Amino acid sequence: MLILEILLVAIDAVIANKLRSLLTMLGVVIGIAAVITMVALGEGAQRSVQARLGTLGANVLTVRPGQSFAGGLGRGQAMLSVEDAEALRANPRAIVAVSPELEGRIQVQSGASNANLSILGSWPTYFTVNNNQLESGRLFTEQEDKGRRRVAVLGALVGGQLGGVSSTSLIGQTIRIGGVPFEVIGVLKEKGSQGFSNPDESLYIPLSTAQLRVLGTNRVRSIAVQAASEGQMSEAMAEIDQVLRREHRIRPGQDADFNIRDQASLLSTIQETTKTFTLLLAGIAAISLLVGGIGIMNIMLVSVTERTREIGLRKALGARPNDILFQFLIESLVLCLAGGALGLLLGVGGSYALKQLAGWDTAVAPESVVLAFAFSGGVGVFFGIWPARRAANLTPIESLRYE
């Protein structure tokens, strides 16, 4: 009953000065709202990275040309070829799929509309390696690649670039890529932007057709390699290194003229960086909580001074120092928890508003809500101890004589 009475008295003291209590809580409200919003932005960014990793395809390694060396001196940019890709898939051990890729931007025409779009030439395995799903129509085949057939598969948003029509409505139609007629045979499902590129705005054609009829080169930009499993990524990298060194006649100990990049590791690095920035932003936002805590301590000291006679009267009637300390500590805690609740609502609402109005990826993690709310309570206890102790240490006689 004593604890309940102290709690009720503390709540009455907070309610008695509504405006002052609200202004006192403002720092905590802003701090909690800022922490919730910043963590929601970081969590949303991390989930976006994870989703992007899923769209890239599992266990994918990317081989790109590097610097060519001779006699210890650089000779310029090295090249990758279709023969390199053929060698990688000739006798695979830890490799299940290989997809050489060649990309360029070409003017594409459909009827009276035209646009400068990204054209990607590849083997049919490209769609498996990169986890592309077919929306409508069909994909081109290996026989069509060998026959240099003029067929094209469209990204989900290409139709919007070519006259604002649906991409699926172009299936069976003839479009011109760099002046060369191509038949549209399929449309991919939408994947979303991936950094600086958007596969939904690209056209996909057989690699041999791209080399001979469109881009005019027998080289490839990169080779995507899918490992048999996540546990065999290292084995696949070693296999790629061994095969390409043999193909490029690079002796042991010499620097390779190609680079092997693990997309999962790259996105993991991005995710870790995002996490670090999230913690940094949340830490900066937490400073508002500390400022709010100082404001609460200041107001509680003022409250102790204003209620000195009340404290003396309570002690004269038998209140113990711990009762007085507990009462003022509860008042500080009520202020911070009430501010934390308001800040929580504001932070969740702000995160939702950023997602709906600005289109940013946000995700309010339950653990961040619990942590922020608990931290606001900790601020209330920490910054309320000094005023509470000061009130508890007042003597009854001096308190009653205070004017």
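Residues numbered from 1 in each chain as written. Predicted model: local features only at pLDDT ≥ 70, side-chain atom pairs only at ≥ 80, totals over all residues. Heavy atoms only, no water.

If you check an unreviewed UniProt entry, the protein appears there as Putative ABC transport system permease protein from Stigmatella aurantiaca. UniProt's Sequence similarities (unreviewed entry) comment on the protein is quoted here verbatim: "Belongs to the ABC-4 integral membrane protein family." Heading Subcellular location (unreviewed entry) of the UniProt record for the protein holds this comment: "Cell membrane". (UniProt positions renumbered as here; feature names shortened; annotations may be inferred.)

K.L.:
Would you mind showing me how to read the pairing of strand 5 (residues 95–110) here?
P.N.:
Remember that side chains alternate between the two faces of the sheet whenever the strand is regular. Taken together, the six bridges between strand 5 and strand 13 (residues 222–227) define a ladder with antiparallel strand orientation. Looking at the pairing, Glu-101 lines up with Ser-222 of strand 13. Sheet analysis places strand 5 next to strand 6 (residues 113–122), joined by ten bridges and oriented antiparallel. Paired with Leu-102 across the bridge in strand 6 is Gly-121. Between strand 5 and strand 6, which pair antiparallel in sequence order, lie two residues; one of them, Gly-111, sits at a positive phi of approximately 65°. Relative to strand 9 (residues 174–177), strand 5 runs antiparallel, the two being bridged by two bridges. Directly across from Gln-109, in strand 9, lies its bridge partner Arg-176. (Pairing = 2+ DSSP bridges. Helix = DSSP H or I, 4+ residues; strand = E, 2+ residues; numbered from the N terminus.)

K.L.:
Can you help me understand the nonpolar core in this one?
P.N.:
Soluble, globular proteins show a tendency: their nonpolar side chains are buried together. In this structure, Val-28, Ile-32, Ile-296, Phe-328 and Leu-335 are the most contacted members of the largest nonpolar core, which totals 25 residues. Sorting the residues of this core by element identifies helix 2 (18–56), helix 9 (263–306), helix 11 (321–358) and helix 12 (366–392) as the ones contributing at least two each. Considering every element that reaches this core, the biggest residue donor is helix 2, with seven residues. Look past the residues within four positions of Leu-335 in its chain and what remains in contact with it is Val-14, Ser-21, Thr-24, Met-25, Ile-296 and Met-300. Counting 24 residues, the second-largest nonpolar core is a separate cluster that includes Ala-85, Leu-88, Ile-95 and Ile-240. (Core = buried A, V, L, I, M, F, W, Y, C linked by side-chain atoms within 4.5 Å. Buried < 20%, exposed > 50% of the residue type's maximum accessible area, 1.4 Å probe, protein only. Contact = heavy atoms within 4.5 Å.)

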